[in-house]
Amino acid sequence: SGINAEYGGSSQHTPGGTDNKQKEIEKEMKQAVKRGPITGFKSWVDSVRQWHHLNPNMTDVQGDVSIQDAMDYATDIFYNVDQDGKDYLTKADFKLYMKPKYVERAWKLFGGLEDQEKLTREEVINAILKILKERKSLFIRLQDHEDIGQVLNDIFSYCFWILMFLFVLYEYGVNVSVLLVPFGTMILGLSFVFGVTIRNMFESLILIFFVRPFDVGDKIVLDSKDTLVVKRVGLLYTEFFADGKAVIFPNARLNLCKIENFNRSEEVCVSLELEVKFDTSLEQIYELEAKISQYLRSNPEHWKPDYTLTIAEFTNTNSIQIKMGACIVAAWSESSKWRPIKRDFLFKMRDWAMEIGLKTASLPQ
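First, a word on scope: everything that follows refers to the structure included in this document. Worth saying up front: this structure is predicted, and the values here are computed from it rather than measured. (Residues numbered from 1 in each chain as written. Predicted model: local features only at pLDDT ≥ 70, side-chain atom pairs only at ≥ 80, totals over all residues. Heavy atoms only, no water.)

Turning our attention to the overall build of the chain. Secondary structure summary: the chain contains 11 helices and 8 strands in total. If you take every contact in the chain between residues at least 6 apart in sequence, the share linking residues at least 24 apart comes to 62%. Element-wise, carbon and sulfur atoms account for 57% of the exposed surface of the chain, whose accessible area totals about 24900 Å². (Helix = DSSP H or I, 4+ residues; strand = E, 2+ residues; numbered from the N terminus. Contact = heavy atoms within 4.5 Å. Areas by Shrake-Rupley, 256 points an atom, 1.4 Å probe, with all protein chains shown as cover.)

Next comes the structure, spelled out in structure tokens:
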């Protein structure tokens, strides 16, 4: 009686209770059929759109904000925050516009590091352009997921209505087992025709929705050979750009590839190997190390102060192999930023070696 009282029920049996319960079940089944079978993918896409305040019309993406508009916005932001006219921003400037607990987040958003003291106008512009690129990539990625979701909705809808058809026949007293034999034979025959395609489709779904090694707009390297930019991600194939050429790659093969993602990689580390003659003195190596240390510490906006310089091995008493490593204050995705820094450092290394008198070992004849 306590349970019945809690749910507002009665312990007495009513003749019409069973009929009312059956009517409620039939009403719920009708509403479920009207709603349609599978709506998960569409609901997910709509929720992401709503969260990011995106336009439902996916074709309007390219015309929303141009690169020039983004550069103008970035310039306005920079000069509005830099009220002192010092031509750079500091964390103190950010504190005038936001609470202290949001300063670090805003500083990282515009590309600033924890130990970095200044932000230049170019860095602010690059940060805004990066946000624009990520936003457009999000539009394209949602469009790709919506297309994939539509295909999966159609497949599951067909399966749902076939099962509903068999269920209705069973409710009307039809011997469904008689139909299952030819139906199973037909499915077995189709499995030989579409078996490979179905397997590739499921492998693609695992790659796209679970592994997710890349997103639209990412720059990747496949098997340490080809450098590609992701353009579109489909259910069975992914489209890339490489040197202005469109490259179509099956997703099933991407599961077996080694994928290096520049956009998800962190700071750039430069490694260099020098092979000098066997008669090189230890003082020359120490002098080279001192020049490297001084150069890195005098350029904190480009280089981190930590580095490594080790004597790797002696090669047949003919040469000494020296390995050097240092990190640039830039991400792998910012190639236009770190490539000139790396190039200048390599030429500096050449000048230092010539100044110290280091002689490289000759190649074996």
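On to the packing of aromatic side chains. Tallying each qualifying case throughout the model produces 10 aromatic pairs. Consider the rings of Phe 345 and Trp 352, whose centres lie 6.2 Å apart with planes at 80°: the pair is edge-to-face. Among the aromatic residues, ring-to-ring pairing joins Tyr 295, Trp 303, Phe 345 and Trp 352 into one connected group. (Phe/Tyr/Trp six-rings, centres within 6.5 Å; stacked < 30°, edge-to-face > 60°.)

Reading across from one edge, E6-E8-E7 is the order of the 3 strands in this open sheet, with antiparallel pairing throughout. Edge positions in the sheet fall to strand E6 (267–277) and strand E7 (303–315), since each of these pairs with one other strand and no more. On average, each strand axis in the sheet is inclined to that of its neighbour by 20°, with strand direction left out of account. Note that E7 and strand E8 (residues 319–331) share 9 bridges and pair antiparallel. The residue bridging Glu 313 from the neighbouring strand is Gln 321, located in E8. Those strands touched by helix H11 (residues 335–356) are E6, E7 and E8, and its axis lies near 150° from that of E8. (Pairing = 2+ DSSP bridges. Axes fitted to C-alpha atoms, helices over the stretch in contact; angles between N-to-C directions.)

Time to look at the pattern of salt bridges. Counting across every chain of the model gives 12 salt bridges. The partner of Lys 231 in a salt bridge is Glu 239, and the shortest N-O contact between them spans 3.5 Å. For Glu 355, the salt bridge is made with Lys 291, and the minimal N-O distance between the two is 3.2 Å. Separated by 64 residues along the polypeptide, Glu 355 in helix H11 and Lys 291 in helix H10 (residues 282–297) bring together distant segments of the chain. In this structure Glu 355 comes out as exposed when scored by relative accessible area, which is 55%. On the accessibility criterion, Lys 291 (22% relative accessible area) is partly exposed. (Salt bridge = Lys/Arg side-chain N within 4 Å of Asp/Glu carboxyl O. Buried < 20%, exposed > 50% of the residue type's maximum accessible area, 1.4 Å probe, protein only.)

Quick look at the side chain of Thr 238 now. Inspection of the secondary structure assignment puts Thr 238 in strand E3 (residues 237–242). On the basis of relative accessibility, which here comes to 1%, the residue Thr 238 falls in the buried class. A distance of 2.5 Å separates polar atoms of two side chains, one belonging to Thr 238 and the other to Asn 251. Excluding its chain neighbours within four sequence positions, the residues that come into contact with Thr 238 are Phe 214, Val 230, Arg 232, Val 233, Val 247, Ile 248, Phe 249, Asn 251 and Leu 254. (Polar contact = N/O pair within 3.5 Å; in protein donor to acceptor, adjacent residues only side chain to side chain.)

With that out of the way, let us pick up the sheet that holds strand E1 (residues 219–222). Read from one edge of the open sheet, 5 strands run E4-E3-E2-E1-E5, paired in antiparallel fashion. Strands with a single pairing partner mark the edges of an open sheet, and in this sheet they are strand E4 (245–250) and strand E5 (259–261). For this sheet, the mean inter-axis angle between neighbouring strands, taken without regard to orientation, is 40°. In this structure, E3 lies alongside E4, joined through 6 bridges in antiparallel fashion. Bridged to Glu 239 within E4 is Ile 248.

Between its terminal C-alpha atoms helix H4 (residues 67–81) stretches 21 Å, which fits the 21 Å expected from 15 residues at 1.5 Å a residue. All of the buried residues along H4 are Ala 70, Ala 74, Phe 78 and Val 81. The buried residues of H4 occupy one face: seen down the axis, they fall within an arc of 75°. (Expected span 1.5 Å × (residues − 1). Arc of directions from axis to C-beta.)

Right, let's get into the layout of surface pockets. Its volume calculated, the second largest pocket comes out at about 480 Å³. Taken together, 20 residues form the lining of the second largest pocket, with Ile 155, Cys 159, Phe 194, Ile 198 and Met 201 sitting closest to its centre. Counting only elements with at least two residues in the lining of the second largest pocket, the list comes to helix H7 (121–171) and helix H8 (176–211). Among the elements that make up the lining of the second largest pocket, the one with the highest residue count is H8 (11 residues). Class assignment of the residues belonging to the lining of the second largest pocket gives a composition of 18 nonpolar, 2 polar and no charged. (1 Å grid on protein atoms, 1.4 Å probe; cavity = no way out; pocket = protein on both sides within 12 Å on 5 of 7 lines; lining within 4 Å. Points joined across faces, edges and corners; volume = space filled by probe spheres on them. Nonpolar A, V, L, I, M, F, W, Y, C, P; charged D, E, K, R; others polar.)

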